[in-house]
Structures are given as structure tokens and as C-alpha cells.
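# Structural description and commentary
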Amino acid sequence: MRQDKENEGEPARARILQAAAQLFADEGYKVASVRRICEAAHVNVAMVNYYFHSKEELHLAAFDYARELARASAADVAAASAQAQLPPVQQLRLAIEALVFDMLRSGPASLFSRLVARELIEPTAAIHKLAERNVRPQHALFTSLIRAVVGPAMPAQVVQKCVFSVIGQAVFYARSRIVHEIVAPEITYDEAGIAGIARHIAEFSLAALDGLRRQHDSGDTAQAGA
């Protein structure tokens, strides 16, 4: 009740965005109705039409709102580690761990990554706009980081598959949490558990990338010798 009263003190537009981002992340675009969003935000439906004109525009605005709430995103971490001139492997490790923390932590700071994960699994009519504004930049970031780790010999299509594999692991943990609690209850999602998952995904991914790099480097060496 206290939380509801605190929320009612916020401007109506902010309350709508907060409720929309939460429901879109938790339930998906199709299930989260405008009426339910308005009920959660304590406003009438006319307010959504006034501020956003349509559910699709509200969906897009929710992404922008959630991005502003995000703490240290993978892009922020990558920029900081590049400025610090860390080795490529360390830059990728930190970016992977930031991505996993963003997706698995609860609370407002995780909304953006959860919305992106939901959009990747359940694309909406706004997928093209969302891809340009939110998904493509993240994809380009990990493409650049992975290329720096594996070197120039690896074909572009293999690098792209590596990008999907790395991001896909984080998405899998984010969307399969209920199943994990049934089949692998020893995997926890508290702060320590998430840190362990982040380390595992980073170490697993870096080991796989190193193996692929060696494979392609040796292939180039063999062709040069022939």
C-alpha cells in the first residue's frame, strides 16, 4: 500500500512507463494489455492515448525508459575497459558479465535487458524499430569485442554465430529460470548465484572462442604452407 501511494506521487507519464516496462518484461507485449498497465499505474486508459497514442508507441517508449534506468550496461563497461586499455579478452569478459547481471538481477536496473530478451524470443510488430534502436547496437558491440579476441582469420559468419551463442546463453538463463528451479535447484539467482552464472558464461565462452581461434589460425597456417 505504501509503495502504491509513493507511485501515485509520480507524474502520470512516469507511472505508465514504469508499469508498462515491468509488465512487458514479465508477460510480453501480447499478454500485457493497456488496461492492466493503466490499472498498475493508477491512471485511466485515456492517459495512454494522450501521452503515447498507441500501445506500440508505449512499447517503444518503455524501452527508452528502461534504458535510462539501467546501471552499468555491457556497452558502458566495454567503453570503460577500452579506455583503460584492458586486453581484448578482459574487455569481453567484463562485457559478458555485465550483460548477465543486467538480465538476471531483479529491480528497475534489469528492465532494459529483460525487455530485449523478451523481444528476441517473442518479436512484436515493432521488432524492426527496436532492433535498430536497441538490439543492433548491442549486437555490434559484441561483434567488435569477439572479433578482437579471435583475430582476423575467423570468417565473418562464424563470428556472428559466436555473438549469438554468447548472448543466447544469457537469454537462456533469463527466460528459463523457472525450469532451472525445478531441474537444477542448486543454481541460485541471488547476488552470489548470479555472479557465479556470469563467471561461468564468460569462462565457457572465452574457452570456446580460444578453441575456435586456434582452429582457424592453424587452418590458415596449413594453407600457407601448402
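Positions within a chain are numbered from 1, following the residues in the order the chain's sequence is written. Totals for whole chains, interfaces and linings use all residues, but because this is a predicted model, local features are given only for residues with pLDDT of at least 70 and pairs of side-chain atoms are given and counted only at 80 or more. Excluded from the side-chain calculation are hydrogens and water; included are all heavy atoms of the structure.

## So, the nonpolar core
By convention a nonpolar core is built from buried Ala, Val, Leu, Ile, Met, Phe, Trp, Tyr and Cys residues, the set being connected through side-chain atoms within 4.5 Å. Working definition: with a 1.4 Å probe on protein chains only, accessible area under 20% of the residue-type maximum means buried, over 50% means exposed, and in between means partly exposed. The biggest cluster of nonpolar side chains holds 39 residues, and the ones touching the most others in it are Leu 92, Ile 96, Val 100, Leu 104, Phe 142 and Ile 146. The numbering of helices and of strands both runs from the N terminus, where a helix is a DSSP run of H or I of at least 4 residues and a strand a run of E of at least 2. Every element with two or more residues in this core is listed here: α6 (74–83), α7 (88–104), α9 (127–150), α10 (156–175) and α12 (191–225). Here this core gets 10 residues from one element, more than from any other, and that element is α10. Any two residues whose heavy atoms approach within 4.5 Å are treated as being in contact. In this view, Leu 92 contacts Phe 142, Leu 145, Ile 146, Val 149, Leu 206 and Leu 209; residues no more than four positions away in its chain are not counted. Counting residues in hydrophobic clusters, the runner-up holds 31 residues, among them Phe 24, Val 34, Ala 66 and Val 135.

## What to know about a nonpolar patch on the surface
Patch members must show over 30% relative accessible area and no salt bridge, and they are joined within 9 Å when carrying like charges or within 5 Å when they are nonpolar side chains of Val, Leu, Ile, Met, Phe, Trp or Tyr. The Shrake-Rupley method, run with a 1.4 Å probe, gives the accessible areas here. Residue values count only the displayed protein chains as cover. We count a salt bridge whenever a side-chain nitrogen from Lys or Arg sits within 4 Å of a carboxyl oxygen from Asp or Glu. Together, Ile 178, Val 179, Ile 182 and Val 183 line one region of the surface with nonpolar side chains, adding up to about 440 Å² of accessible area. Along the polypeptide, Val 179 turns up in helix α11 (residues 177–183). The exposure class of Val 179 is partly exposed, given its relative accessible area of 46%.

## Overview of the pattern of salt bridges
Scanning the entire structure with this criterion turns up 10 salt bridges. Among the salt bridges present, the one from Glu 191 reaches Arg 105, with a minimum N-O distance of 2.5 Å. Taken together, the positions of Glu 191 in helix α12 and Arg 105 in the loop between α7 and α8 (111–121) put the pair 86 residues apart, joining distant regions of the chain. Two residues, Glu 122 and Arg 118, come together in a salt bridge whose shortest N-O distance is 2.9 Å. One salt-bridge network, in which partners are shared between bridges, spans Asp 210, Arg 213, Arg 214 and Asp 217.

## Overview of the confidence of the model for the protein
The predictor rates its confidence in each residue with pLDDT, a number between 0 and 100. When pLDDT is averaged along the protein, the result is 87, and 91% of the positions lie at 70 or above. No element of the protein has a lower mean pLDDT than helix α1 (residues 2–8), which averages 44, and none a higher one than helix α3 (residues 34–41), which averages 96. Across residues 1–7 the pLDDT falls below 50, and counting only partners more than four positions away or on other chains, this stretch makes 3 contacts in the model.

## A word on α10
A rise of 1.5 Å per residue sets the reference length of α10, with its 20 residues, at 28 Å; its end C-alpha atoms lie 28 Å apart and thus fit the reference within 8%. If you check which residues of α10 are buried, you get Val 158, Val 159, Cys 162, Val 163, Val 166, Ile 167, Gln 169, Ala 170, Val 171, Tyr 173 and Ala 174. Residue count minus one, scaled by 1.5 Å, sets the expected span of a helix.

## Points about the packing of aromatic side chains
Paired rings are identified among Phe, Tyr and Trp, the last through its six-membered ring, by centres lying within 6.5 Å, and are further divided according to the angle between planes into stacked (under 30 degrees), edge-to-face (over 60) and tilted (the rest). The tally for this structure, following the rule as stated, stands at 5 aromatic pairs. Ring plane angle 80° and centroid distance 6.0 Å describe the contact between Phe 172 and Tyr 173, whose orientation is recorded as edge-to-face. For Phe 172, a relative accessible area of 46% gives the class partly exposed. Taking the relative accessible area as the measure of exposure, Tyr 173 reaches 15% and is therefore buried. Clustering of aromatic rings is evident, with ring pairs tying together Tyr 50, Tyr 51 and Phe 52.

## Looking at the side chain of Ser 205
Mapped onto the elements of the fold, Ser 205 is located in helix α12. Note on Ser 205: relative accessible area 4%, which makes it buried. Polar contact is defined as a pair of N or O atoms within 3.5 Å, subject to the rule that within protein one atom must be able to donate a hydrogen and the other to accept it, and that residues adjacent in sequence are counted only when both atoms are side-chain atoms. Here Gln 169 takes part through its side chain, which lies 2.9 Å from a polar atom of the side chain of Ser 205. Residue contacts for Ser 205: discarding those within four places in its chain leaves Ile 96, Val 166 and Gln 169.

## Focus on unusual backbone geometry
Even without glycine at this site, His 42 takes up a positive phi of about 60°. Along the chain, the position of His 42 falls in the loop between α3 and α4 (45–52). Of note in the backbone geometry, His 53 takes a positive phi value of approximately 75° without being a glycine. Relative to the helices and strands, His 53 is located in the loop between α4 and α5 (55–69).

## Let's talk about helix α2 (residues 12–27)
In a regular helix each residue adds 1.5 Å, so 16 residues correspond to 22 Å; α2 covers 22 Å between its end C-alpha atoms and thus fits that length. Here α2 has its buried residues at Ala 12, Arg 15, Ile 16, Leu 17, Ala 19, Ala 20, Ala 21, Leu 23, Phe 24 and Ala 25. Where α2 ends, the next residue or the one after it, Gly 28, has phi of about 95°, a positive value.

## Re the environment of Phe 52
Mapped onto the fold, Phe 52 is located in helix α4. A residue is classified by how much of its surface remains accessible, and Phe 52, at 4% relative accessible area, is buried.

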